[in-house]
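In case you want the letters, here they are:
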Amino acid sequence: MSDHDEADLRGRVARLSTEQKIRLLTGADFWALYPEPDAGLRRVVLSDGPAGVRGETWDERDTSANVPSPTALAATWDCDRVGAIGRLLAAEARRKGVDVLLAPTVNLHRTPYGGRHFECFSEDPLLTARIGVAYVRGLQSQGVGATVKHFVCNDSETERMSVDVRIDERTLRELYLAPFEAIVREACAWAVMAAYNGVNGSTMTESPLLRAILHDEWGYDGLVMSDWTATRATEAAARAALDLAMPGPAERFGPWGDALLAAVRAGQVDEALIDDKVLRILRLAARVGGLDGAASSSGPISPAPVDIPRQLRATAAASFVLARNERSLLPLDRSGPDGSGLGRVALIGPNAEIARTLGGGSATVYPPYSVSPLDGLRAAGLDVAFAPGTLGHLRTAAARAPWLLRPGGSAAGADVRFFSPSGEVIGSEQRDAAVFRWMNGFAAIGAPEQVDRLEVSCLIQATEAGTYQLGVTGIGRFRLLTDEAVLFDETLTVRKGADVGETLMAPPVRLAPVALAAGQSVTVRLEHDVHTSPMAAFGTFFQLLLEPPHGTDDEEMEAAVALAAGSDVAVVVVGTTAEVESEGFDRTSLALPGRQDELVRKVAAANPRTVVVVNSGAPVLLPWSDQVAAVLLTWFGGQEFGNALADVLLGEAEPGGRLPTTWPASEDGLPSAQPDDGVLTYTEGLFIGYRAFDRDGREPLFPFGCGRGYTTWSYDSITVDCDEANPGALLAPGGTTPQNLPRAGASTPPFPPDPPGKPGIAVCVEVRNTGSRPGREVVQVYASRPDSAVERPVRWLAGFAAVDADPGETVTVGILLPERVFQHWADGGWTLEAGTFTLAAGSSSASLPLTAAVTLK
Ligand code: BGC
């Protein structure tokens, strides 16, 4: 932003009264800031989140492109691809009237128990930083703001609103602050979100870290907003560098509004602080095009059309990590094991039929469609037979087609009618689905307090004879009727002390059996007293549930094993769901829920050609992994999940992913997410993820950075200082752009710039594609420091780059290792321990065939 613009912004602040200024510092509602005509400010809209742009409505009427989970994006190790996802999200934001996205989440994978693990990128600060910078640059290049969150140490969910994280300064700097620093400095993020938790005794919305680090050290000129309802104290938060309390309005949420006005009038809070906050709000608005007459800082927005399905399909495939592939079972050969064609594919598992494309919580979006593994394999023309194998552990899904029909039976969906306290119908909605979430009032009516009761009406039509389970999940009073007979009339309550995330993602379930003949339909009416909902101040939320008839778990398992035994190949899709991995709570076990381990073992025993697809956003235990031919880790793959899966299974696309986080073999030795008396101490210090496994000499199941493609590689040579004077020349000949070099002509330095800083070390690695297919390899370089006087990890990621090569081709890739990679934090500053570091290059943290030494002064 130019000086001229800054003067203009200051002039606009000066035109406002103290009341006008303070009004701007709390949201106008759940998702938007106040407009202020006297400053030329329009309403600026914020929206979650990392896996898609939700917009202001949160249901199937306003769909959003659902991108693969952030763990998947990081697994691509491909900054260009992630930048393109940032641009796709910006296009989505523009389409949905959103100015600022509440993403990316750059907390670290401190422990796999973390409920929002799927929503963060990696356990490694450098990989998180590189992917985060690319994401933010992509988004903001299109004039949509990023909000880097949650600053800082919100790495798990238990007691997230109150927990105090105790952490030493070095660990804070080298691990948890590092991604924020890189993104703020290099990508100039326009907003940062202060977390719910505290760090070393201060809740983050009042933390001295905001001003001391963000403002004073990193020179951050953007806005700091609170996480939703995280602003606690009037004066302390105002004196800290918190600019915006969300959500609003102040009459309902947060401690600012009139209380802050009084504090300013009484001289307890300096008005200059208020002016700076308003300036930052106006600067954000100017950047996103929300101020009259102020140019947005992104420049002209490229109107390039985005082929969303194609991009999401390719990105999902590029994120899948092939962790095991015995006898090269994958890719499946369409000519079949005996050359007579690929016969029947047994598709088995609880995650095969309903696409599990995202984790739970505020990152949830409603995609326009989602392709399940079953849909994807069928669309690829395979002869697929499906058996769920086990279902018992799953929460019942919302009622859906073909069973759910509007009252007239004309289309899938349901009708909703809203009633006033005096019993009058005051509005209605026609809905396509049975998931209801009104969070910002009722779109059809407006203010939530006008609605006393609502009614959902639909038909349920049986496709086969049997017992259907019909019910509801939600909180408050529900009355369910079929053909005017009451099935239940109950008040469902949430666990005392439950976090809002848990309340939203895993509310209680009430089901009732309904016996139906094939083709028979019943009318269904679900009545709900809105004022009994804990969200009554904003609206309410619940789902109408329906589970069609099925066998017992034993019967389902037997049928699946028989199907596998009689098929050419068995593809078992196991995993978690958005109710298992979610904001608001941590996992307490890393085991696959229910009887999925037993199912895999039985299927693998019945068919040696068994591929297990693991559909989870975060690591789960796979105790049978050496008993199956192939293991493909696919994350929560976004709306194109099933198509990408078919592409990779059939070799139309490479499984391009490498693990962004270590997959443990057991739960032994993992950091705990459970606070003790309100305090969570990061006792493991620097040793999370591969740093801990390496130090302890423990073998993980799958190491950080690992993943196979469909070809093989040899690592032939490493050269240090290969072209130090001219790092821009280090672009792989004819290959892809190294991931941690500045782009040609780019003015931003590599990670993390620490002016004045030295340029860093250039390394060239020569690799050869020794297989028979073209492929992509992620070349990784790790640093280590034998004989250090300082406690250090055995090795740490220093840089990486992706290369593409044809069979037999040799490619040299250049990777620039910035000076920061060799520094550590000591005595309040970054320090270089002079001497010799070892650089090791290879395909994962556990496979590093090439080494070289570099001496630094
Ligand atoms: C989450 C944030 C999210 C906000 C708004 C909070 O509960 O922690 O990540 O952006 O809600 O939905």
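This write-up is about the structure you can find in this document.

**Details of the sheet that holds strand β6 (residues 198-199)**
Right, on to step 1. Overall, mixed pairing links the 4 strands, which are arranged β7-β6-β4-β26 in an open sheet. Among the strands making up the open sheet, the edge pair consists of β7 (202-203) and β26 (679-681).
Right, on to step 2. Across 2 bridges, β6 lies against β7 in antiparallel orientation. Note on β7: the bridge partner recorded for V199 is S202.

**Quick look at the sheet that holds strand β17 (residues 466-474)**
Right, on to step 1. Pairing is antiparallel in the open sheet, where 4 strands are placed in the order β15-β22-β17-β20. Across the chains shown, the open sheet's two edge strands, defined by having one partner strand only, are β15 (435-438) and β20 (509-516). On average, each strand axis in the sheet is tilted by 15° relative to the strand beside it, whichever way the strands run.
Right, on to step 2. Both β17 and β20 contribute to a ladder of 8 bridges, which runs antiparallel. Within β20, the position partnered with T473 by the bridge is V509.

**Describing empty space enclosed by the protein**
Right, on to step 1. Scanning the entire structure with this criterion turns up 4 cavities of 30 Å³ or more.
Right, on to step 2. One number sums up the size of the largest cavity: a volume of about 280 Å³.
Right, on to step 3. Lining the largest cavity are 22 residues; nearest its centre among them are E174, R691, W796, R820 and V821.
Right, on to step 4. Sorting the residues of the lining of the largest cavity by element identifies α5 (125-140), α6 (169-176), α7 (178-187), β30 (796-805) and β32 (823-826) as the ones contributing at least two each.
Right, on to step 5. By residue number, the principal contributor to the lining of the largest cavity is α6, which donates 4 residues.
Right, on to step 6. Class assignment of the residues belonging to the lining of the largest cavity gives a composition of 12 nonpolar, 2 polar and 8 charged.
Right, on to step 7. Put simply, the second largest cavity is a space of about 120 Å³.
Right, on to step 8. Residue lining of the second largest cavity: 17 residues in total, with P112, E123, L670, G689 and F693 positioned closest to the centre.

**Some remarks on the site of the ligand**
Right, on to step 1. As a structural note, the neighbourhood of the ligand is formed by 13 residues, with D48, R116, H150, D227 and E583 the closest of them.
Right, on to step 2. In the environment of the ligand, an oxygen atom lies 2.8 Å from a nitrogen or oxygen atom belonging to the side chain of R116.
Right, on to step 3. Take Y196: an N or O atom from its side chain is 2.9 Å from an oxygen atom of the ligand.
Right, on to step 4. Partitioned by chemical class, the residues of the shell around the ligand number 5 nonpolar, 2 polar and 6 charged.

**Quick word on the packing of aromatic side chains**
Right, on to step 1. Inspection of the entire model under this criterion finds 25 aromatic pairs.
Right, on to step 2. Each ring, one from Y690 and one from F704, has its centre 4.6 Å from the other, and the planes form 25°; the classification is stacked. Of the two residues, Y690 is situated in helix α18 (residues 690-696) and F704 in the loop between α18 and β27 (713-720); the sequence distance between them amounts to 14 residues.
Right, on to step 3. We classify Y690 as buried; its relative accessible area is 2%.
Right, on to step 4. One Lys or Arg, R110, reaches over the ring of Y682 and ends 4.1 Å from the middle of that ring.
Right, on to step 5. Between the NZ or CZ atom of R695 and the centre of the ring of F687, over which it lies, the distance is 4.4 Å.

**Comments concerning the packing of helix α12 (residues 308-319) against helix α17 (residues 641-649)**
Right, on to step 1. Their axes nearest at 8 Å, the elements α12 and α17 cross at an angle of 55°. Overall, the two elements α12 and α17 adopt an arrangement that is oblique. For the pair α12 and α17, the sense of crossing is right-handed. Between α12, through R313, A316 and A317, and α17, the contact on the second element is made entirely by N643, A644, D647 and V648.
Right, on to step 2. Taken together, the residues of the contact of α12 with α17 break down into 4 nonpolar, 1 polar and 2 charged.

**Considering the nonpolar core**
Most often, soluble globular proteins keep nonpolar side chains buried together rather than apart.
Right, on to step 1. Counting 164 residues, the largest nonpolar core has F151, V152, Y176, W228, V765, F822 and L839 as the members making the most contacts within it.
Right, on to step 2. The dominant element in this core, judged by the number of residues it contributes, is α5, at 9 residues.
Right, on to step 3. Formed by 34 residues, the second largest nonpolar core is a distinct cluster that contains F418, A462, L470 and A512.

**Description of the pairing of strand β8 (residues 223-226)**
Right, on to step 1. Alternating residues of β8 divide into L223 and M225 and V224 and S226, and every residue in both groups is buried.
Right, on to step 2. Relative to β8, strand β5 (residues 191-194) runs parallel, the two being bridged by 4 bridges. Bridge assignment links A194 to a residue of β8, and that residue is S226.

**Structural notes on the pairing of strand β28 (residues 761-769)**
The side chains of a regular strand alternate, first on one face of the sheet and then on the other.
Right, on to step 1. Among the 9 residues in β28, 7 count as buried, and that is most of the element.
Right, on to step 2. Of the pairings in the sheet, the one linking β27 to β28 comprises 7 bridges and is antiparallel in character. Bridge pairing in β28 places V720 opposite V763.
Right, on to step 3. Inspection of the sheet shows β28 paired to strand β31 (residues 810-817) by 8 bridges, in the antiparallel sense. Counted as the bridge partner of A762 is L816 from β31.

**Comments concerning helix α15 (residues 553-565)**
Right, on to step 1. End to end, α15 covers 18 Å across 13 residues, agreeing with the expected 18 Å (1.5 Å per residue, within 8%).
Right, on to step 2. For α15, the set of buried residues is D553, E556, M557, A560, L563 and A564. Down the axis, α15 shows its buried residues gathered within 125° of arc, on one side only. Opposite its buried face, α15 presents the exposed residues E558 and A562, each directed more than 90 degrees away.
Right, on to step 3. Elements that come into contact with the buried residues of α15 comprise β10 (345-348), β11 (384-387), β23 (569-575) and α16 (596-606).

**Observations concerning the layout of surface pockets**
Right, on to step 1. Each pocket or cavity is described by its volume, and for the largest pocket that value is around 1400 Å³.
Right, on to step 2. Along the wall of the largest pocket there are 45 residues; nearest its centre are I354, A355, Y366, A398 and V435.
Right, on to step 3. Elements with a minimum of two residues in the lining of the largest pocket: α13 (373-379), β15, α14 (500-505) and β22 (540-547).
Right, on to step 4. The residue makeup of the lining of the largest pocket, split by class, is 27 nonpolar, 9 polar and 9 charged.

Quick notes on the rules
Residues numbered from 1 in each chain as written. Predicted model: local features only at pLDDT ≥ 70, side-chain atom pairs only at ≥ 80, totals over all residues. Heavy atoms only, no water. Pairing = 2+ DSSP bridges. Helix = DSSP H or I, 4+ residues; strand = E, 2+ residues; numbered from the N terminus. Axes fitted to C-alpha atoms, helices over the stretch in contact; angles between N-to-C directions. 1 Å grid on protein atoms, 1.4 Å probe; cavity = no way out; pocket = protein on both sides within 12 Å on 5 of 7 lines; lining within 4 Å. Points joined across faces, edges and corners; volume = space filled by probe spheres on them. Nonpolar A, V, L, I, M, F, W, Y, C, P; charged D, E, K, R; others polar. Near = heavy atom within 4 Å. Polar contact = N/O pair within 3.5 Å; in protein donor to acceptor, adjacent residues only side chain to side chain. Phe/Tyr/Trp six-rings, centres within 6.5 Å; stacked < 30°, edge-to-face > 60°. Buried < 20%, exposed > 50% of the residue type's maximum accessible area, 1.4 Å probe, protein only. Lys NZ or Arg CZ within 6 Å of the ring centre and 35° of its normal. Parallel < 35°, antiparallel > 145°, perpendicular 65-115°, else oblique. Left-handed = near helix turned anticlockwise from the far one by under 90°. Contact = heavy atoms within 4.5 Å. Core = buried A, V, L, I, M, F, W, Y, C linked by side-chain atoms within 4.5 Å. Expected span 1.5 Å × (residues − 1). Arc of directions from axis to C-beta.

Such coordinate-based values are descriptive only and should not be taken to indicate function.
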